Amino acid sequence: MLTILIGLIIGIGLPIQTSINSRLKISVGSPFVASLISFSLGTLFLALITIFIDKSLFFPLILFEREPVWLWLGGLLGVIYLTSNILLFPKLGSVQTVIIPILGQIIMGLIIDNFGLFGSLVKPLKWNRVVGAILVIVGVIGAVSINQIIAYRHKQFLPDKSDNLWFYRLIGIVVGMFSATQTAINGHLGIVLNSSVKAAFVSFFVGTISLIIIVTIIHPHLNFQRSKETPWWIWLGGFIGSLFVLGNVYLVPKIGTGLAVVIVLVGLIIGSLLIDQFGWLNSNKNPITFAQIVSLLIMIFGVIIIRLL
């Protein structure tokens with residue numbers, strides 16, 4: 001029960017982090033710089049927690065020789081996932097940019113569990129896990145698409161139809177698979193380091209270094225421009241993101257990658273609906289519809305099937 005609660009909480013925090021970082025992007029003028037600030041603050045936060053709990057940020061260097069290279073790439077996969085979503089949005093639109101990576105996440109999560117990839121627990125692919133995953137996908141499509149379809153009808157946003165959309169959809173699926181892989185890698189890293197907080201710190205540190213390189217290449221002469229009206233909460237995205245990674249590192253060894261991805265996904269949708277309902281973080285209010293509530297119940301039923309049957 002505790003693992004499900006943790007998964008839901010960190011999932012709810014993810015759309016809140018996205019909203020915060022979107023506002024930060026307006027203040028700094030670049031999504032990459034906003035991501036770098038978020039990752040840097042998250043890394044600092046995790047460093048302090050790691051020092052407080054483990055008394056040290058360091059680990060035996062022999063691990064670099066003894067362990068596979070992929071063990072240290074979780075942070076890089078996180079950056080790829082974040083950056084790809086930014087690039088896919090103008091091509092696919094907001095609905096497909098959300099839904100298609102989720103499809104990749106669930107597929108890869110089930111594959112990782114079935115074969116025990118990246119040091120994950122082996123959970124054979126049985127009928128209940130397939131049916132449960134399908135129900136979650138159906139629920140996600142219903143919860144996310146209702147309001148967006150209305151927006152499309154009012155021509156508030158239309159995806160670019162001039163390019164090969166299936167190419168970008170394929171990228172979206174692969175990016176979602178990268179996200180599930182990151183979850184599995186960070187979970188195993190926590191076992192190797194014998195510390196969830198240290199594994200989360202390493203992941204964020206790698207992500208921060210990757211973003212420093214990206215920002216240096218893209219914005220070699222960056223001028224920081226802060227808007228006059230900058231709310232205090234725009235600096236909290238990194239802390240929420242760090243807790244998200246930390247929670248995943250804790251969950252994967254206990255319940256497996258597939259179920260961790262699904263539970264966090266349900267929390268993500270709940271958080272998104274709450275933001276829409278109450279207009280948190282200066283966002284527009286979009287009251288929750290009956291169809292969205294039904295979709296959420298379908299997702300929860302899917303998780304129950306995966307978890308209990």
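Cut-offs and rules
- Residues numbered from 1 in each chain as written.
- Predicted model: local features only at pLDDT ≥ 70, side-chain atom pairs only at ≥ 80, totals over all residues.
- Heavy atoms only, no water.
- Helix = DSSP H or I, 4+ residues; strand = E, 2+ residues; numbered from the N terminus.
- Contact = heavy atoms within 4.5 Å.
- Axes fitted to C-alpha atoms, helices over the stretch in contact; angles between N-to-C directions.
- Parallel < 35°, antiparallel > 145°, perpendicular 65-115°, else oblique.
- Left-handed = near helix turned anticlockwise from the far one by under 90°.
- Core = buried A, V, L, I, M, F, W, Y, C linked by side-chain atoms within 4.5 Å.
- Buried < 20%, exposed > 50% of the residue type's maximum accessible area, 1.4 Å probe, protein only.
- Expected span 1.5 Å × (residues − 1).
- Polar contact = N/O pair within 3.5 Å; in protein donor to acceptor, adjacent residues only side chain to side chain.
- Phe/Tyr/Trp six-rings, centres within 6.5 Å; stacked < 30°, edge-to-face > 60°.
- Lys NZ or Arg CZ within 6 Å of the ring centre and 35° of its normal.
- Nonpolar A, V, L, I, M, F, W, Y, C, P; charged D, E, K, R; others polar.
- Salt bridge = Lys/Arg side-chain N within 4 Å of Asp/Glu carboxyl O.
- Patch = residues over 30% accessible without salt bridge, like charges linked within 9 Å, V, L, I, M, F, W, Y side chains within 5 Å.
- Areas by Shrake-Rupley, 256 points an atom, 1.4 Å probe, with all protein chains shown as cover.

## Some words on the side chain of His 188
Mapped onto the elements of the fold, His 188 is located in helix α6 (residues 165-193). Among all residues touching His 188, those that are not within four sequence positions of it are Trp 70, Leu 71, Phe 118 and Gly 119.

## Some remarks on the packing of helix α2 (residues 31-54) against helix α7 (residues 196-218)
Running from N to C, α2 and α7 cross one another at 155°; their axes reach a closest spacing of 8 Å. Judged by the angle between their axes, α2 and α7 are roughly antiparallel. α7 is crossed by α2, and the crossing has left-handed handedness.

## Observations regarding the nonpolar core
Counting 61 residues, the largest nonpolar core has Val 136 and Val 140 as its most contacted members. Among the elements that line this core, the one with the most residues is helix α9 (residues 257-278), at eleven residues.

## Description of the side chain of Ser 35
Here Ser 35 shows up in helix α2. On the accessibility criterion, Ser 35 (7% relative accessible area) is buried. Apart from the residues lying within four places of it in its own chain, the contact partners of Ser 35 are Leu 82 and Leu 211.

## A word on α7
Compared with an ideal rise of 1.5 Å per residue, which puts 23 residues at 33 Å, α7 spans 33 Å between its outermost C-alpha atoms and is within 8% of the ideal. For α7, the N-terminal cap is Ser 195; the gap from its side-chain oxygen to the backbone nitrogen of Lys 198 is 3.1 Å.

## Some thoughts on the packing of aromatic side chains
This model, assessed by the stated rule, comprises eight aromatic pairs. Note on Phe 59 and Trp 72: the rings are 5.4 Å apart at their centroids and 10° apart in plane angle, and the pair reads as stacked. Here Phe 59, found in the loop between α2 and α3 (63-66), pairs with Trp 72, found in the loop between α3 and α4 (74-115); they are 13 residues apart in sequence, far enough to count as distant. Taking the ring centre of Phe 52 as reference, the NZ or CZ of Lys 55 above it sits at 5.7 Å.

## As for the packing of α6 against α7
For the pair α6 and α7, the least separation of the axes is 8 Å and the interaxial angle reads 130°. Relative to α7, α6 is oriented oblique. The crossing of α6 and α7 is right-handed. Judged by residue contacts, Gln 182, Asn 186, Leu 189, Gly 190 and Leu 193 of α6 engage Lys 198, Ala 199, Val 202 and Ser 203 from α7. Here the contact of α6 with α7 is built from residues that sort into four nonpolar, four polar and one charged.

## Digging into unusual backbone geometry
Trans peptide bonds make up most of the peptide bonds, and negative phi angles are found at most residues other than glycine. The backbone of Phe 118 sits at a positive phi, close to 55°, despite the residue not being glycine. Tracing the sequence through the fold places Phe 118 in the loop between α4 and α5 (127-153). In this structure, Asn 194 is a non-glycine residue whose phi angle is positive, near 55°. Among the secondary structure elements, Asn 194 is positioned in the loop between α6 and α7.

## Observations regarding the pattern of salt bridges
Should their charged atoms come close, side chains of opposite charge can pair. In the structure shown here, the tally under the stated rule is two salt bridges. In this structure, Glu 67 engages Arg 66 in a salt bridge whose closest nitrogen and oxygen atoms are separated by 3.8 Å. We note a salt bridge from Asp 113 to Arg 129, for which the minimum N-O separation is 2.8 Å. Of the two residues, Asp 113 is situated in helix α4 and Arg 129 in helix α5; the sequence distance between them amounts to 16 residues.

## Overview of a nonpolar patch on the surface
Where nonpolar side chains cluster on the molecular surface, the patch consists of Phe 205, Ile 209, Ile 212, Ile 213, Ile 217 and Ile 218 and spans about 550 Å² of accessible area. Checked against the element boundaries, Ile 212 lands in helix α7. When its relative accessible area of 38% is taken as the criterion, Ile 212 is described as partly exposed.

## Here we look at the environment of Asn 248
Locating Asn 248 in the fold gives a position in helix α8 (residues 237-255). Using a relative accessible area of 5% as the deciding quantity, one classes Asn 248 as buried. Note: C-alpha distance between Asn 248 and Gly 190 (58 residues apart in sequence) is 9.9 Å.

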